[in-house]
Amino acid sequence: MSTFQPSFPHQHLLGIEGLKEADISQIIDLADKYVDQNRQTNKKKDLLEGLTQINLFFENSTRTRMSFELAGKRLGADVINMSMSTSSIKKGETLIDTASTLNAMRPDLLVVRHGSAGAVKLLSRKVDCAVINAGDGKHEHPTQALLDALTIRRRKGRLARLTVAICGDVLHSRVARSNIHLLNIMGARVRLIGPPTLIPTGAEKLGTEVFHCMEEGLKGCDIIMMLRLQTERMHGGYFPSISEYFSLYGLDYEKLAHAKDDALILHPGPMNRGVEIDAKVADDLTRSAIQEQVEMGVAVRMACLDLLTRERRGVN
Ligand code: NCD
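Definitions and limits used
- Residues numbered from 1 in each chain as written.
- Predicted model: local features only at pLDDT ≥ 70, side-chain atom pairs only at ≥ 80, totals over all residues.
- Heavy atoms only, no water.
- Helix = DSSP H or I, 4+ residues; strand = E, 2+ residues; numbered from the N terminus.
- Rg over C-alpha atoms; globule rule 2.2 N^0.38 Å.
- Buried < 20%, exposed > 50% of the residue type's maximum accessible area, 1.4 Å probe, protein only.
- Contact = heavy atoms within 4.5 Å.
- Near = heavy atom within 4 Å.
- Polar contact = N/O pair within 3.5 Å; in protein donor to acceptor, adjacent residues only side chain to side chain.
- Nonpolar A, V, L, I, M, F, W, Y, C, P; charged D, E, K, R; others polar.
- Pairing = 2+ DSSP bridges.
- Axes fitted to C-alpha atoms, helices over the stretch in contact; angles between N-to-C directions.

Draft legend 1. Up close: the overall build of the chain. Counting secondary structure elements, the chain contains eleven helices and nine strands. The C-alpha atoms of the chain give a radius of gyration of 19 Å, which matches the 20 Å a tight globule of 316 residues would have. Along the three orthogonal principal directions, the C-alpha set of the chain runs to about 55 × 50 × 35 Å. Relative to its full complement of 316 residues, the chain shows a buried share of 55%. A sequence separation of at least 24 residues applies to 75% of the contacts in the chain between residues at least 6 apart.

Draft legend 2. Quick look at the site of the ligand. Every residue close to the ligand is listed here: Arg-63, Thr-64, Arg-113, His-141, Gln-144, Arg-174, Val-175, Arg-228, Gln-230, Pro-268, Gly-269 and Pro-270. Between the ligand and His-141, the relevant distance is 2.7 Å, taken from an oxygen atom to a side-chain nitrogen or oxygen of the residue. Looking at the shell around the ligand, its residues break down into three nonpolar, five polar and four charged.

Draft legend 3. Region of the structure containing the environment of Asn-179. Among the secondary structure elements, Asn-179 is positioned in helix 6 (residues 174-185). For Asn-179, a relative accessible area of 1% translates into the label buried. Measuring from C-alpha to C-alpha, the distance between Asn-179 and Lys-45 comes to 30 Å, with 134 residues separating the pair along the chain. The residues contacting Asn-179, other than those within four sequence positions of it, are Ala-145, Asp-148, Ile-166 and Met-225.

Draft legend 4. Spotlight on the sheet that holds strand 8 (residues 223-226). The strand order across the open sheet built from five strands is 7-6-5-8-9, with neighbouring strands paired in parallel fashion. In the strand order of this sheet, the two ends are held by strand 7 (208-211) and strand 9 (264-266), each with one partner. Adjacent strand axes in the sheet meet at a mean angle of 20° when their direction is disregarded. Where strand 6 (residues 189-193) lies against strand 7, four bridges are found, and the strand directions are parallel. Its bridge partner being in strand 7, Arg-191 is matched across the sheet by Glu-209. Helix 5 (residues 142-156) contacts strand 8 and strand 9 of the sheet and is inclined by roughly 165° relative to strand 9.

Draft legend 5. Representation of the sheet that holds strand 4 (residues 130-136) in the model. Read across the sheet, four strands follow the order 2-1-3-4 without closing on themselves; strand pairing throughout is parallel. Pairing within the sheet leaves two strands with one partner each, and these edge strands are strand 2 (78-83) and strand 4. In this sheet, adjacent strand axes meet at a mean angle of 15° when their direction is disregarded. The sheet contact formed by strand 3 (residues 109-114) and strand 4 spans five bridges and is parallel. Counted as the bridge partner of Leu-109 is Ala-130 from strand 4. Contacting strand 1 (52-57), strand 3 and strand 4, helix 11 (residues 290-308) runs over the sheet at an angle of about 150° to strand 4.

Listed below in structure tokens is the structure:
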């Protein structure tokens, strides 16, 4: 790794919106180097030795929480996981009270996932440490967009001028929102494909092209990002039935044939096979980079933990 480490001009990572091209490149350039480190037998560094990272998850998560935990441990931080079910939140403590309590324990990093949009930003105003948004309601999930970007850049060599289709339940997806911002900033072309009920109104204003037909929308695409139907955020009927949804919007080989021959498939997980994606397509390693996304996730989170603690480590 080069000895010159430019400073990162943000105290927290709350979203992709508001970041500059240079910020995004700085994170994914550094993450690229952490991918190499993670492929070595000895994966551990002492960069964050003495620092405390608290992962505070008010919503369920498997890969994101584990990924942040691994990232912190590989950099030598003391990592503590706090999940909603064991916390005082169950006893009626407010988010602000929880923030003040945690702040008194003097953490250096807080990684927060919450069911409400804006909750992580609110919390960041009440603490002295760096805060990373690990997903807030339907709003943003910045590290997911960054790991998607790293996966794409390593496979395609660039992000600019690629055509990326984000498909399915865009309406309830913080992954989609963060990706739309990132891809626009990096100069990619973004298409949204899904039933009218699952595409946010005014999506074109976000710098995207909207399609309601998979075959049409996938034409000429370089990247296909599939999204899970977020039924936990749905109140009411957004589509007639799962089988109807799969036949119109589920990614199978027939629909895939409309994209470019070398189009790459991404999915943030968890995947629902036979709902938004055909099981065989998901497992086709010649087409899908879904496992690679998980690998890139750890590296991207290491880069974020590194950059956001540079000032307190006196690295700048
Ligand atoms: C996503 C999330 O939680 O927003 N998953 C993830 O972070 N790996 C997408 C989803 O839940 O469908």
